[in-house]
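Report on the structure
Listed below, chain by chain, are the residues.
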Amino acid sequence: MNALSNEFDLSEATMLSPDTGTAGEPDPALVTEQWEAVHEAAAAVGVLAQLGRETIAPEVADLPQRAARKGGWHYAMAARGIDDIAAFMQPGLRALLALTAKGQDTTAAALTLWREFHAARCAIGELIETA
């Protein structure tokens, strides 16, 4: 196993599709779990990009809870956005790890994935902050 696999428990980065609750909205607990998983995956990508592990601000960490409190279309769109992030982070991280296992430098590709993650995360944050 490589050093990255030893540093991060990548099983935590497994992406989950949010299930819908009784009201037809995604289950807040599953959305929060998925949000945490994509951040764990982003931490691994940050290491591969030679940026290190990001410290997550409280307002970023509690975004799913704020979205759930806001409810309605804001929450539905935030949940879909988190699902979209998971959809590109999981295969992206797997590809980076496969290349790393072969001894290839993944710095540039990891930096690109890390930037895409942050752009998508910012867009979700802006969505929740809209009136």
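The following paragraphs examine the structure supplied in this document. Keep in mind it's a predicted model, so treat the numbers as computed, not measured.

Relative to the 30 Å expected for 21 residues at 1.5 Å per residue, helix H2 (residues 28-48) spans 30 Å between its end C-alpha atoms, a close match to the ideal helical length. For H2, the tally of buried residues reaches 16 of 21 residues, placing the bulk of the element in the interior. With a side-chain oxygen positioned 3.0 Å from the backbone nitrogen of alanine 29, the residue opening H2 is aspartate 27. Downstream of H2 by one or two residues, glutamine 50 has phi in the positive range, about 65 degrees.

To continue, consider the nonpolar core. Counting 27 residues, the largest nonpolar core has Trp35, Val45, Ile85, Met89, Leu93 and Ile124 as its most contacted members. By residue number, the principal contributor to this core is helix H5 (residues 72-101), which donates 10 residues. Once you skip the residues sitting within four places of it in the chain, isoleucine 124 turns out to touch Trp35, Leu63, Ala78, Gly81, Ile82 and Ile85.

Here the focus is the packing of H2 against helix H6 (residues 107-129). In contact at an axis separation of 8 Å, H2 and H6 are set at 145 degrees when each is read in the N-to-C sense. When the axes of H2 and H6 are compared, the crossing they make is left-handed. Along its contact with H2, which presents Trp35, Val38, His39, Ala42, Val45, Gly46 and Leu48, the element H6 presents Thr107, Ala110, Leu113, Trp114, Phe117, Arg121 and Ile124. For the contact of H2 with H6, a count of residues per class yields 10 nonpolar, 3 polar and 1 charged.

Here is what the cut-offs are and how they apply
Residues numbered from 1 in each chain as written. Predicted model: local features only at pLDDT ≥ 70, side-chain atom pairs only at ≥ 80, totals over all residues. Heavy atoms only, no water. Helix = DSSP H or I, 4+ residues; strand = E, 2+ residues; numbered from the N terminus. Expected span 1.5 Å × (residues − 1). Buried < 20%, exposed > 50% of the residue type's maximum accessible area, 1.4 Å probe, protein only. Polar contact = N/O pair within 3.5 Å; in protein donor to acceptor, adjacent residues only side chain to side chain. Core = buried A, V, L, I, M, F, W, Y, C linked by side-chain atoms within 4.5 Å. Contact = heavy atoms within 4.5 Å. Axes fitted to C-alpha atoms, helices over the stretch in contact; angles between N-to-C directions. Left-handed = near helix turned anticlockwise from the far one by under 90°. Nonpolar A, V, L, I, M, F, W, Y, C, P; charged D, E, K, R; others polar.

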